[in-house]
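Structural description and commentary
Given next are the chains, with one letter for each unit.
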Amino acid sequence: MDLQPKNFIKQLSFNTFIPYFYPFMMFPLKFWRRKAIGMMDFKKGDHVLIPGAGGGHDFAMLPDYVTVTGVDISDIMLGIARAKAEFMGLSKRVKLVHMDGENLRFADNSFDKAILGLFLTCVYDPKKAFAEVVRVVKPGGEILIYDHLVGRKKWATKLLSSMDTILKYNFCSFIREIDIIIEEQPVSIIKNIHGDPFGFVKGFLLCKDREYKEEVKPKGLFAKLYKHLLNII
Ligand SMILES: C[S@@+](CC[C@H](N)C(=O)[O-])C[C@H]1O[C@@H](n2cnc3c(N)ncnc32)[C@H](O)[C@@H]1O
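Every value quoted in this text rests on a predicted model; they were computed, and no experiment measured them.

Things to note about the nonpolar core
One recurring pattern in soluble globular proteins: nonpolar side chains tend to sit buried together. The biggest cluster of nonpolar side chains holds 50 residues, and the ones touching the most others in it are Ala114, Leu116, Leu120, Val133, Ile143 and Leu144. Contacts of alanine 114, omitting those with residues within four sequence positions, involve Val48, Leu49, Val133, Val137 and Ile143.

A look at the environment of lysine 30
Position of lysine 30 among the secondary structure elements: in helix α3 (residues 30-37). On the neighbour-count criterion, lysine 30 (12 C-beta atoms within 10 Å) is exposed. On a C-alpha basis, the gap between lysine 30 and methionine 61 in space is 9.4 Å, while along the polypeptide they are 31 residues apart.

Some details on the site of the ligand
Contacts to the ligand come from 23 residues, most closely from Gly52, Gly54, Ser74, Gly101 and Gly117. Its residues assigned to classes, the shell around the ligand shows 12 nonpolar, 7 polar and 4 charged.

Section: the confidence of the model for the protein
For the protein, per-residue confidence averages 86 on the pLDDT scale, and residues scoring 70 or more make up 85% of the total. With pLDDT under 50 throughout, residues 212-216 is counted as low confidence; its partners more than four residues away or in other chains account for 3 contacts.

Looking at the sheet that holds strand β2 (residues 67-72)
Spatial ordering of the open sheet is given by β3-β2-β1-β4-β5-β7-β6, a layout of 7 strands whose pairing is mixed. Every interior strand has two partners, whereas the edge strands, β3 (94-98) and β6 (187-194), have only one. Neighbour-to-neighbour, the strand axes of the sheet open up by a mean angle of 20 degrees, direction not taken into account. Running at roughly 160 degrees to strand β5 (residues 137-147), α3 makes contact with β4 (111-117), β5, β6 and β7 (202-208) of the sheet. Sheet contacts for helix α4 (residues 75-87): β2 and β3; angle to β3, the most-contacted strand, approximately 170 degrees.

Focus on α4
For α4, built from 13 residues, the straight-helix expectation of 18 Å at 1.5 Å per residue is met to within 8% by its first-to-last C-alpha distance of 18 Å. For α4, the set of buried residues is Met77, Leu78, Ile80, Ala81 and Ala85. Along α4, the residues classed as buried sweep out an arc of 160 degrees about the axis, all on the same side. Opposite the packed face of α4, turned more than 90 degrees from it, sit the exposed residues Glu86 and Phe87. Looking at the buried residues of α4, the elements they touch are α1 (8-15), α2 (18-26), β2 and β3. Once α4 finishes, glycine 89 follows within two positions and takes phi at roughly 70 degrees, a positive value.

Quick look at unusual backbone geometry
Its identity is not glycine, yet asparagine 109 carries a phi of approximately 55 degrees, on the positive side. Residues other than glycine seldom take positive phi values, yet leucine 118 does so here, at roughly 50 degrees. On the secondary structure map, leucine 118 appears in the loop between β4 and α5 (126-136). Classification of leucine 118 by C-beta neighbours within 10 Å gives buried; the count is 22.

How each quantity is defined
- Residues numbered from 1 in each chain as written.
- Predicted model: local features only at pLDDT ≥ 70, side-chain atom pairs only at ≥ 80, totals over all residues.
- Core = buried A, V, L, I, M, F, W, Y, C linked by C-beta atoms within 7 Å.
- Buried ≥ 20, exposed ≤ 12 C-beta atoms within 10 Å, placed from the backbone.
- Contact = placed C-beta atoms within 7 Å.
- Helix = DSSP H or I, 4+ residues; strand = E, 2+ residues; numbered from the N terminus.
- Near = placed C-beta within 6 Å.
- Nonpolar A, V, L, I, M, F, W, Y, C, P; charged D, E, K, R; others polar.
- pLDDT = per-residue confidence, 0-100.
- Pairing = 2+ DSSP bridges.
- Axes fitted to C-alpha atoms, helices over the stretch in contact; angles between N-to-C directions.
- Expected span 1.5 Å × (residues − 1).
- Arc of directions from axis to C-beta.

Written out as structure tokens, the structure reads:
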């Protein structure tokens, strides 16, 4: 097993006790995870990257016309994901590799899409890991973040910061901010939804290298008539 100093405790946790309780934590999120993945616009032949693939909770939610490459630093989690892929008859189109998500050994623009399920709160350096994902996703490609990232200056940050000091080294952080993680990258958030009934987990759909212009829908009869008039002219 290739243990890196910065990931030592985390790798140990994900290789020992976390795999026992992780599926129970993920079960209630199944419906919401599916909803978040449902925001993505999959095309036939898409190659999807799943960094921190874990136990492969996303596999069954993807259409059967895409191929998947999952990477993880935990051999045990990869083993569970591999067994799951085999059990579901997906092993031909799901490839699993032991790799550090902060140093992806893939060429630039190799993937059509990426799914980051509870990954950016788990990695040691989320900005580096996200930059790596953006690098390997093709321009115009979609990146789904399904995670408990907080917004800037949220009360939760203060409340959870003491607990976070311990948890971030062996499990995950609870005070990471989406704005800070994505700020230097050529991405825009094009959709977002609640990722659980309370909105603690959220789903963000991002697009690489594409400005998002929200269509402003006209409200009221006069505004609608005005829009039609503009179309005629
Ligand atoms: C909280 S689990 C999420 C698993 C899965 N994506 C999901 O949505 O259920 C995070 C996973 O990321 C893996 N991980 C943590 N740091 C990593 C890194 N630097 N590179 C690759 N995987 C990493 C852990 O081993 C673990 O399997």
